Amino acid sequence: MKHLIPVLCLICTFTLSAQKFDSALEYLDFVSEQQEGISKKMWKYTKAIAHSRSDRSVENKRKSLVKTLDKAISKIRSASGYDGNEFKNQLLQRLQFNKDLLNDEYAKIIDMKAVAEQSYDAMEAYMLAQELADKKMEEVQQEYEKNYYAFAEKHNIKIIESENDLSKKMTLSNEVFAHYKKMYLIYFKVYINEVYLMEALNKGDVNAIQQNANALSESAKEGLEVLNTTEAYKNDKSIHMVTKKAFEFFIDEADNKISILTDFLVLGEDLQKAQATLEKTPQRKRTEEQINNYNQMVNDYNKGVETYNSTNENLNNRRKKVIESLNKTNQNFLSKHIPND
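Residues numbered from 1 in each chain as written. Predicted model: local features only at pLDDT ≥ 70, side-chain atom pairs only at ≥ 80, totals over all residues. Heavy atoms only, no water.

### Some remarks on the overall build of the protein chain
The test is simple: Comment: elements are numbered from the N terminus, with helices defined as DSSP H or I runs of at least four residues and strands as E runs of at least two. Exposure classes here rest on a 1.4 Å probe applied to the protein chains alone. A residue is buried below 20% of its type maximum, exposed above 50%, and partly exposed in between. In this description, accessible areas are obtained by the Shrake-Rupley approach with a 1.4 Å probe, and a residue is regarded as covered only by the protein chains that are shown.
Of the regular secondary structure elements, the protein chain holds eight helices and two strands. The order of helices and strands in the protein chain, counted from the N terminus, is β-α-α-α-α-β-α-α-α-α. The 341 residues of the protein chain split such that 45% are buried. Of the roughly 18,800 Å² of accessible surface on the protein chain, 47% is carried by carbon and sulfur atoms.

### Here we look at helix H6 (residues 206-228)
In an α-helix, one turn spans 3.6 residues, which is why side chains three or four residues apart end up on the same side. Stated precisely, the cut-off is as follows: Take the number of residues in a helix, subtract one, and multiply by 1.5 Å to get its expected span. Each polar contact in these results corresponds to two N or O atoms within 3.5 Å; when the atoms are within protein, one needs to be able to donate a hydrogen and the other to accept it, and residues that are neighboring in sequence are counted only if both atoms are side-chain atoms.
Over its 23 residues, H6 extends 33 Å from the first C-alpha to the last, a length consistent with the 33 Å expected when each residue adds 1.5 Å. All buried positions along H6 are accounted for by Val206, Ala208, Ile209, Asn212, Ala213, Leu216, Ser217, Ser219, Ala220, Gly223 and Leu227. Its side-chain oxygen at 3.3 Å from the backbone nitrogen of Asn207, Asp205 defines the N-terminal cap of H6.

### A look at helix H7 (residues 238-280)
To keep things clear, this is the line we draw: What is called the bend at a residue is the angle between a pair of axes, fitted to the seven residues leading up to and ending at it and to the seven starting from it.
An ideal rise of 1.5 Å per residue puts 63 Å on 43 residues; H7 measures up with 61 Å between its terminal C-alpha atoms. Remark: the principal bend of H7, roughly 45°, maps to Lys257.

### A look at the packing of aromatic side chains
When we look at a pair of aromatic rings, we describe it by the centre distance and by the angle of the planes. The condition that has to hold: Working definition: rings of Phe, Tyr and Trp (its six-membered ring) pair if their centres are within 6.5 Å, and the pair is stacked with planes under 30 degrees apart, edge-to-face with planes over 60 apart, and tilted otherwise.
Applying the stated criterion across every chain yields a total of 16 aromatic pairs. Ring centres of Tyr144 and Tyr148 lie 5.3 Å apart, and the angle between their planes is 75°; on these two criteria the pair is classed as edge-to-face. Taken together, the residues Tyr144 and Tyr148, both in helix H4 (residues 120-154) and four residues apart, mark about one turn of the helix. Per residue, the accessibility class of Tyr144 equals that of Tyr148, and both read buried. Between Tyr184 and Tyr187, the aromatic rings sit 5.8 Å apart at their centres with planes inclined by 50°, giving tilted as the arrangement. In this pair, Tyr184 and Tyr187 are both assigned in helix H5 (residues 165-203), three residues apart and thus about one turn of the helix distant.

### Looking at the packing of H6 against H7
Helix-helix packing is described using two parameters, namely the angle between the two axes and the distance between the axes. Our working definition: To get an axis, fit a line to the C-alpha atoms, keeping to the stretch in contact for a helix; angles then go from 0 to 180 degrees between the N-to-C directions. An angle below 35 degrees is read as roughly parallel, one above 145 as roughly antiparallel, one from 65 to 115 as roughly perpendicular, and any other as oblique. It is the rotation of the near helix from the far one that decides the hand of a crossing: anticlockwise by less than a right angle makes it left-handed, clockwise makes it right-handed.
Two elements in contact, H6 and H7, have axes whose closest approach is 9 Å; the angle formed by their N-to-C orientations is 165°. As judged from the angle between their axes, H6 and H7 are roughly antiparallel. In this structure, H6 meets H7 at a crossing whose hand is left-handed.

### A few points about the side chain of Glu194
Put simply, the rule reads: Residue contacts are defined here by distance: any two heavy atoms, one from each residue, within 4.5 Å place the two residues in contact.
With respect to the helices, strands and loops of the structure, Glu194 is situated in helix H5. Looking at Glu194, its side chain comes within polar contact range of the side chain of Arg319, at 2.5 Å. For Glu194, the residues in contact, after removing those within four places along its chain, are Leu216, Phe249, Phe250, Glu253 and Arg319.

### Some words on the packing of H7 against helix H8 (residues 288-337)
Note the threshold: Residue polarity is assigned by list, with Asp, Glu, Lys and Arg as charged and Ala, Val, Leu, Ile, Met, Phe, Trp, Tyr, Cys and Pro as nonpolar; anything else, Gly included, falls into the polar class.
Viewed as axis vectors pointing N to C, H7 and H8 meet at an angle of 160°, and their least axial separation amounts to 8 Å. Viewed along their axes, H7 and H8 adopt a mutual orientation that is roughly antiparallel. By crossing handedness, the relation of H7 to H8 is classed as left-handed. In the contact of H7 with H8, the residues fall into 22 nonpolar, 13 polar and seven charged.

### Section: the nonpolar core
Quick note on the threshold: Working definition of a nonpolar core: buried Ala, Val, Leu, Ile, Met, Phe, Trp, Tyr and Cys residues. They are joined through side-chain atoms within 4.5 Å.
Of all hydrophobic cores here, the largest spans 83 residues; its most connected members are Phe87, Leu102, Met123, Tyr187, Phe247 and Phe250. Element by element, the count of residues in this core is highest for H5, at 18 residues.

### Focus: the side chain of Glu253
Summarising the element assignment, Glu253 is placed in helix H7. Residues contacting Glu253, with those up to four places away along its chain left out, are Glu194, Leu197, Met198, Leu216, Ile258, Leu315 and Arg319.

### As for unusual backbone geometry
In the Ramachandran plot, Asp83 falls in the positive-phi region, its phi being about 55° despite a non-glycine side chain. Within the secondary structure, Asp83 is located in the loop between helix H2 (55-78) and helix H3 (86-116).

Take a look at the structure:
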């Protein structure tokens, strides 16, 4: 939901306004060629995030992008600069910065993904780290373009800027991922309460179960209100609808079903106490009422086992369907709005 946002890369075409073709233009063509190779690999990386269900595939695309950067750095470093090495060094600094980002910060972001599901703060930090890394890459891209234009102007080269299909796709992908992340955080803020509820349930901690059930119900109802004020992306309400269904399930679970489970757990605790008391009481001192009450509790507990199991199984099946539906809808949303060609 894993997910890194690529920055916009512009591919430019050039025409010569001077009277003759000079080596400065050849150098810009050479630089443009390197940039185009990087942009194509960046797009493959973006497509992997949008269309691949494999973390390994995404990671492989990241590594492939790093290799392309390495090749570009090597070619630019080994080639002679034009009119000194100022522009050449600016290019190398920018490419090395991008490489370091991908190797360090983006790699750390991938590691952060492993713990992002543990809390809302961790998930928010994970997505914030993505945004900060992308912002850094965008800033260095803008600095590169500034230097690029300055070099062209210095050598009387007119740049005709043309946003090609690849550039438009990159811009579009940024918009799509931004909406996806916004919607996922709305969902995750509620979902994490259900995670805590399940942890309490597995421990059989009745007080924690009740507290987390209340928190889940409250957050899910707030989530529904947030959904009502959140605009859909290009009138595509698929994520809104599936998130709403998830919240409705969480509310029903917290308000109506968890009490069935906690009642059984409380009955089990009471039965254990009654059994302990009965065992401590000598047989000759046990009253008929005490024995009848204990036997009734045993009968109630045995009947409750079936109710508990069926309720728990029903919740597990519904939860599985809700989460699978949400994951599938999120993936379809990215696949639908981000081109795969």
